[in-house]
Amino acid sequence: MQFTSLVFILFFSVVFAVYWWVLGKKLKAQNIFLLLASYVFYANWDWRFLILLIISSGVSYYLGLKISETKTPGKKKLLVNLGLLFSIGTLFYFKYFNFFIDSFAELFNIKNTLTLTIILPLGISFYTFRMISYLLDIKNNKLKAETDMLAFFNYIAFFPSMTSGPIDKAGLLLPQLKKERIFTLENGSDAARQILLGAFKKLVVANSISPVTQEIFQNYDHLSGSTVAYGMILFLFEMYADFSGYSDMAIGFAKLLGFKITKNFAFPLFAQNIAEYWRKWHISLTSWLTEYVFTPLVIQFRDYEKKGLIAAIILNFILIGAWHGPRFTFVLFGLLHGLYYVPLILNDKLNKKKKFSKSVPTFKELGNILLTMAMVCFALVLFVAPTLTDAVGMYGRIFSLSVFSVPEFMKIKILGLIGIIILIDWLNKDKEHGLEISRFKPVTRRAFYVFLIFMILYFGVFGNTSFIYEQF
Amino acid sequence: MNSSDMKKFLFKISFYILAVAAVLLWLGSFADGNTDDNYRHFIGPKPSNIILGDSRGSQALVPDVLDAKFKDRKFDNFSLNLTESPYGQVYLEAIKKKLNPDTKDGIFILTVDPWNVSTGKDVKDAKEYTENTSALADMHFYDIAPNYEYLLKHYPKSWFNIYNDREVIGKSNTYLHKNGWMEVTVDINPADLRKREASKIIQYKEFANTQKVSQDRLNALEDIIKYLDTKGTVYLVRIPGFKGVMDIENAFSPDFNDIIGSVAQKNNVKFIDFSSQYDKYLYTDGNHMYKESGKIFTAQIADSILLDKKMLK
C-alpha cells in the first residue's frame, strides 16, 4: 500500500473520516484505531512481519519500564544492553546476516551452506532506530519510560512514517499521542499542500527520471563517460524527488491526523559544502546518528583534537553508509563522505552556516553549490553500483576521454522538471517545506495548485509506486 | 476537532478532488483499442466462444474469421501474453469471470506452445508466477465500458495519453479489437523481417535456458479444459512460429506434442497440431503470425473444427 496508490488513498480517506468524525474527542479510541490502522497498513505488505513488529514493540516497552524502575547502574546497563542486543540483533539478522556469511565464505574460500532465504521486513531499519533511541534516552535520563502501552506501540508503528521514516524521536511523538489532537484549517491546508508537492516530486519528477537512470546504470559499460556522469546527476535529482517526496507526503499525512513529525529535508540541493548538505539531507537519520554515535565518539576521542574529530566523523559516515544495506559499496560511500569532511575540519569550517546573501546566489555561492553537488554525484557512483567491480567500471567510464562527448538521453522534459524542482525549492528555501506558500495571494496559490495537479495528471508516471528508501 | 475548520477544509479541497475526478472520468471515456494491449479484454460483452493462450494466440487467431465461418457464433480472443496469461490458476479464475455464465454449447480454442505451460527454473511456487501481477489476477469487472477499474489499476501512464492516442486520430500499430484480436501492423519487408527474426532467436535461446515445462501449469491447463468442457467443446491448437523458433521449441521440449496429446486424450478433447506447417505462414518477428497469415490460419482452424463437429454429429 504505497502513498501514491489508489488503495492507500481509499485507506487514508476511511482512516481520516473515522478518526475525526466517529472518534472525535475520544483520545483512547482514536489511539486504538490509529494502532489498528497502522497494523493494517503494515500487514498489507506482509502480515508475517507484523508479528515481529508487535514482539519488538513489546520487548522495547517492557525493557523501557524495567530500565526506568532499576536503580542499580549495573543492572540498568545490563537491561539497556539487552535491549540494544535485541534490536540490533534483529536488524543484523534480517539485513546483514547473509552478507557476513557470504563474505566470510568468500574470503576463506569455504563452501557456503549457511546462506538463508531472508526477506527484509519493510521499515525495519527505521523502527529499530526508534526503539534504540527510546531505550538510550531513558538510560540517559532524557526521557521517562512510557507507561501508556497504547501510545508506545503507536509510536513504533505510526503508519505515515513506518516504511521509510522520518525516524521520529520518542520525545517528539509520544507526548502528541497522549494529548488531544486538534484539526485546524491552517494545518489541514498546509498538509494538503505538502502532500501535493510530494506527489508531484514522486509521480512526475522521480518516476520520469527513473527509467533513464536505470537504462544508464544497467548499460554503463557501453555508454560514454559523459552519459554515466549525467546519469549520476540525474540520480541525485531522482533520489531527492523520490525520498523528499515521500517525506513530504509522510509529514502531510501525519499532519492531517494532527501530528507534527520530524522534518527530513531542508533544501539540500542548495548546500554550499558537504557538512551543510548532510545537515539538510535525511535529517532524521543524520541527527539520530549525531546524537547516538557521533557525539559519544567525539567525547571518546576528544583528547586527539582534530584527528579525533576526523575519526569520529569517518566512523559515523561509515555507519551511515552501512545503514543503507549490506554492501561494500555503501560502506565506501560513507567513507568517501567522511573524507569529504577532512578539509572542512582542518580549516575550521565544519559548523559554518552559510546563508544566501541575496535572492539570487552570487557566483561564489553558485560555485560552492556546484562543487558540493559534484562531490555528492561523484560519491553516488558507490551508492548505485551493486558491486565494487561495477563502481570501478563506472568510475572508469567517467574518467575516460568519452566524458568530453555529448551525453545521451538528454531530454527536454526531464531537464524542465528538474528546473521546476529547483525553482520551487529556491523560492521557499527559508520555509518549512517547498510548498509553504501561504504568504501568497489566494489566486496565486490556487493557480499553483492547479499547475501542480495538471503536471501530475499530464506528466505523472503511475506504474512505479515504490520508493527508493523502502529497500533500506 | 474544530468542526468548522474541518468543514471549511473539506469544502476547499472538494473542488480540487471533484475537478480531478471529472477530468479523469472524461479522459477515461476515450479508452479504446489504442489505449494498451489489454484494456479491451475487460469491457465485454461476456463471450460464449473463446480463444485462449498467449501473444501468439492473440495475434494469430482472428475472431472475425471464425464468426464468418460459424454463422451463429461470436468469438472473443482472450489471449493476452506469455507473462500475463500462461496456463495457471490465475488464468482459470479470469476465464470464469470473463465467460458468459449462461454458456452451454460454446467452442473454446486453447492455443498451446511449450512456453505457456512453462515457468522459470528459479520459480519455487505459484506465488512467484509472473501472472500474479497481471490484470487477470485482480480485476473484478470484465464487462463494463469504460472500465475505470482497469484504468485505475493497470494504466500506469497519464490518462491524457488515452485522449491523445485515441483511435479516431489513427490506429496504433498494436491495435486491440473489441473482440480481443491484437492486430499488429509492422513493415514486413524481408530485410526488417530477417533482423527481427535474428533478434527473436537470440531472445528465445536465452529464454529457453531459464525455463522448464511445469507440471503445475499442465495441471492448470487440464483444470481449464475440465471447466470449459462442461460449457461446450474444447480444442487444443498448437500455433507454429518460423523455423528458427520452432527449432528452439523442439530442442526445449522435444516431447511437447506427446505431452499435449496425452492431455487431450485424457480429457477427451481434440488436439490440432500445426507445428509441422510452420513454413506456410508469414511471421512478423519469427514468433508471431502476420495478420494476413493469421486470417488464413484461423480459417484452417475453423475448417478443422467444423469438420470435427460434423463428424461428431
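None of the values given here were measured: they were computed from a predicted structure.

About the criteria used
Residues numbered from 1 in each chain as written. Chains lettered and ligands numbered in written order. Predicted model: local features only at pLDDT ≥ 70, side-chain atom pairs only at ≥ 80, totals over all residues. Helix = DSSP H or I, 4+ residues; strand = E, 2+ residues; numbered from the N terminus. Rg over C-alpha atoms; globule rule 2.2 N^0.38 Å. Buried ≥ 20, exposed ≤ 12 C-beta atoms within 10 Å, placed from the backbone. Contact = placed C-beta atoms within 7 Å. pLDDT = per-residue confidence, 0-100. Expected span 1.5 Å × (residues − 1). Pairing = 2+ DSSP bridges. Axes fitted to C-alpha atoms, helices over the stretch in contact; angles between N-to-C directions. Left-handed = near helix turned anticlockwise from the far one by under 90°. Nonpolar A, V, L, I, M, F, W, Y, C, P; charged D, E, K, R; others polar. Domains from an automatic or database assignment. Parallel < 35°, antiparallel > 145°, perpendicular 65-115°, else oblique. Core = buried A, V, L, I, M, F, W, Y, C linked by C-beta atoms within 7 Å. Arc of directions from axis to C-beta.

Visitor: What exactly am I supposed to notice about the overall build of chain B here?
Guide: The number of helices and strands found in chain B is twelve helices and nine strands. By the compact-globule yardstick of 20 Å for 313 residues, chain B fits well, its C-alpha radius of gyration being 21 Å. Projected onto its principal axes, the C-alpha positions of chain B cover 75 × 50 × 45 Å. Here chain B holds 313 residues, and the buried ones make up 38% of them. Counting only contacts in chain B whose residues sit at least 6 apart along the sequence, the fraction spanning at least 24 positions is 84%.

Visitor: Just to check I follow, could you spell out the overall build of chain A for this structure?
Guide: A tally of helices and strands in chain A yields 17 helices and zero strands. At 23 Å, chain A has a C-alpha radius of gyration in line with the 23 Å of a compact globule built from 472 residues. Seen along its three principal axes, the alpha-carbon backbone of chain A occupies a region of about 65 × 65 × 45 Å. The buried share of chain A, reckoned over its 472 residues, is 42%.

Visitor: So what exactly am I meant to see when it comes to the confidence of the model for chain B here?
Guide: Predicted coordinates in areas of low pLDDT are best not read in detail. On average, residues of chain B score 93 in pLDDT, and 98% of them are at 70 or above. Of the two predicted TM-score estimates for the complex, the pTM is 0.86 and the ipTM is 0.81.

Visitor: It is not clear to me how helix α4 (residues 124–139) of chain A should be interpreted in this structure. Could you clarify?
Guide: Note: α-helices contain 3.6 residues per turn, so residues at a spacing of three or four share the same orientation. Residues and elements named next belong to chain A. With 16 residues, α4 extends 23 Å from end C-alpha to end C-alpha; this agrees with the ideal 22 Å at 1.5 Å per step. By the criterion of burial, α4 is predominantly enclosed, with 14 of the 16 residues buried. Looking at the residues trailing α4, positive phi occurs at asparagine 141, about 60°.

Visitor: Help me out: how do you make sense of the interface of chain A and chain B in this one?
Guide: A common way to report how large an interface is uses the accessible area buried once the components associate. With 20 residues of chain A at the contact, the number on the chain B side is 17 residues. Where the side of chain A that touches chain B is concerned, the elements lending two or more residues are α1 (6–22), α7 (185–218) and α17 (442–459) of chain A. If one sorts the elements of the side of chain A that touches chain B by residue count, α17 of chain A sits on top with five residues.

Visitor: How should I be thinking about the sheet that holds strand β1 (residues 49–52) of chain B in this particular structure?
Guide: The strands that make up a sheet are held in pairs by hydrogen bonds between backbone atoms, and each pair lies either parallel or antiparallel. Residues and elements named next belong to chain B. Strand order across the open sheet formed by five strands is β2-β1-β3-β8-β9, with parallel pairing between neighbours. A strand with exactly one partner marks an edge of an open sheet, and here the two such strands are β2 (75–77) and β9 (270–273). Averaged over neighbouring strand pairs, the angle between their axes works out to 20° when direction is ignored. Sitting on the sheet, helix α9 (residues 215–229) is in contact with β3 (106–112) and β8 (232–238), with an inclination near 145° to β8.

Visitor: I keep staring at the packing of helix α11 (residues 305–323) of chain A against helix α12 (residues 328–340) of chain A and nothing clicks. Help me out?
Guide: Between two packed helices, both the angle of their axes relative to each other and the distance between the axes serve to describe the pair. All names here are of chain A. Here α11 crosses α12 at 150°, and the two axes come no closer than 7 Å. In terms of crossing hand, the pair formed by α11 and α12 is right-handed. Note on element contacts: α12 touches α11 through Phe330, Val331, Phe333, Gly334, Leu335, His337, Gly338 and Leu339, opposite Ile313, Ile314, Phe317, Ile318, Leu319, Ile320, Gly321 and Ala322. Looking at the contact of α11 with α12 residue by residue, the classes come out as twelve nonpolar, four polar and no charged.

Visitor: Honestly, the domain arrangement of chain A in this entry has me stumped. Any pointers?
Guide: Residues and elements named next belong to chain A. By domain assignment, chain A separates into domain 1 (6–181) and domain 2 (186–272 + 354–471). Taking only C-alpha atoms, the centre of domain 1 and the centre of domain 2 are 29 Å apart. Taken together, the 15 residues of domain 1 in the interface contact 16 residues of domain 2. At the level of secondary structure, the elements contributing two or more residues to the side of domain 1 that touches domain 2 comprise α1 and α6 (170–177). For the side of domain 1 that touches domain 2, the residue count by class is eight nonpolar, five polar and two charged.

Visitor: Help me out: how do you make sense of unusual backbone geometry in this one?
Guide: Trans is the prevailing form of peptide bonds, just as negative phi is the prevailing case for residues other than glycine. With an omega of -5°, the peptide bond between glycine 44 of chain B and proline 45 of chain B qualifies as cis. When you line up the elements, proline 45 of chain B lands in the loop between α1 (3–28) and β1. One non-glycine residue, phenylalanine 267 of chain A, lies in positive phi territory at about 60°. Counting through the fold element by element, phenylalanine 267 of chain A comes out in the loop between α8 (225–256) and α9 (274–280). On the basis of neighbour counts, which here come to 20 C-beta atoms within 10 Å, the residue phenylalanine 267 of chain A falls in the buried class.

Visitor: How should the packing of α7 of chain A against helix α16 (residues 412–427) of chain A be read in this particular structure?
Guide: Residue and element names in this part refer to chain A. Viewed as axis vectors pointing N to C, α7 and α16 meet at an angle of 140°, and their least axial separation amounts to 10 Å. Put simply, α7 runs oblique to α16. In terms of crossing hand, the pair formed by α7 and α16 is left-handed. Where α7 approaches α16, its residues Lys201, Val204, Val205, Ser208, Ile209 and Val212 are matched on the opposing element by Lys413, Ile414, Leu417 and Ile421. Per-class residue counts for the contact of α7 with α16 are seven nonpolar, one polar and two charged.

Visitor: In this structure, what is going on with the pairing of β3 of chain B? I would like to understand it.
Guide: Regular strands place their side chains on alternate faces of the sheet. Residues and elements named next belong to chain B. Of all seven residues making up β3, six are buried, and the element is well covered by its neighbours. Pairing of β1 with β3 involves three bridges; the strand directions are parallel. Bridge pairing in β3 places isoleucine 50 opposite phenylalanine 108. Examined bridge by bridge, β3 and β8 share seven bridges and lie parallel to one another. Bridge assignment links leucine 110 to a residue of β8, and that residue is leucine 236.

Visitor: Looking at this model, I keep getting lost on the nonpolar core. Mind explaining?
Guide: In globular proteins that are soluble, nonpolar side chains generally tend to be buried together. If you look at the biggest cluster of nonpolar residues, it comprises 123 residues, and the most contacted ones within it are Ala157, Phe200, Val205 and Phe237 of chain A. If one sorts the elements of this core by residue count, α8 of chain A sits on top with 19 residues. Looking at which domains feed residues into this core, each of domain 1 (6–181) and domain 2 (186–272 + 354–471) of chain A supplies at least three. Grouped together as the second largest cluster of nonpolar side chains are 62 residues, Ala220, Val245, Ile260 and Tyr281 of chain B included.

Visitor: Hey, could you run me through the environment of lysine 429 of chain A in this one?
Guide: All names here are of chain A. Among the secondary structure elements, lysine 429 is positioned in the loop between α16 and α17. Among the residues examined, lysine 429 registers 16 C-beta atoms within 10 Å and is labelled partly exposed. Each C-alpha atom, one on lysine 429 and one on methionine 1, is 31 Å from the other, the two residues being 428 residues apart in sequence. If near-sequence neighbours (up to four positions away) are discounted, lysine 429 is found in contact with Phe267 and Phe270.

Visitor: Is there a simple way to explain helix α11 (residues 256–266) of chain B in this structure?
Guide: All names here are of chain B. Along α11, the residues that are buried comprise Phe256, Ile260, Val263 and Ala264. Buried residues of α11 fall within an arc of 100° about the axis and therefore sit on the same side. Facing away from the buried side of α11, by more than 90 degrees, are the exposed residues Asp258, Gln265 and Lys266. Its buried side turned inward, α11 meets β3, α9, β8 and β9. Just downstream of α11 lies asparagine 268, where phi reads positive at about 60°.

Visitor: Help me out: how do you make sense of the environment of leucine 82 of chain A in this one?
Guide: Turning to its location among the elements, leucine 82 of chain A is positioned in helix α3 (residues 73–107). For leucine 82 of chain A and valine 59 of chain A, which are 23 residues apart along the polypeptide, the C-alpha to C-alpha distance reads 9.9 Å.

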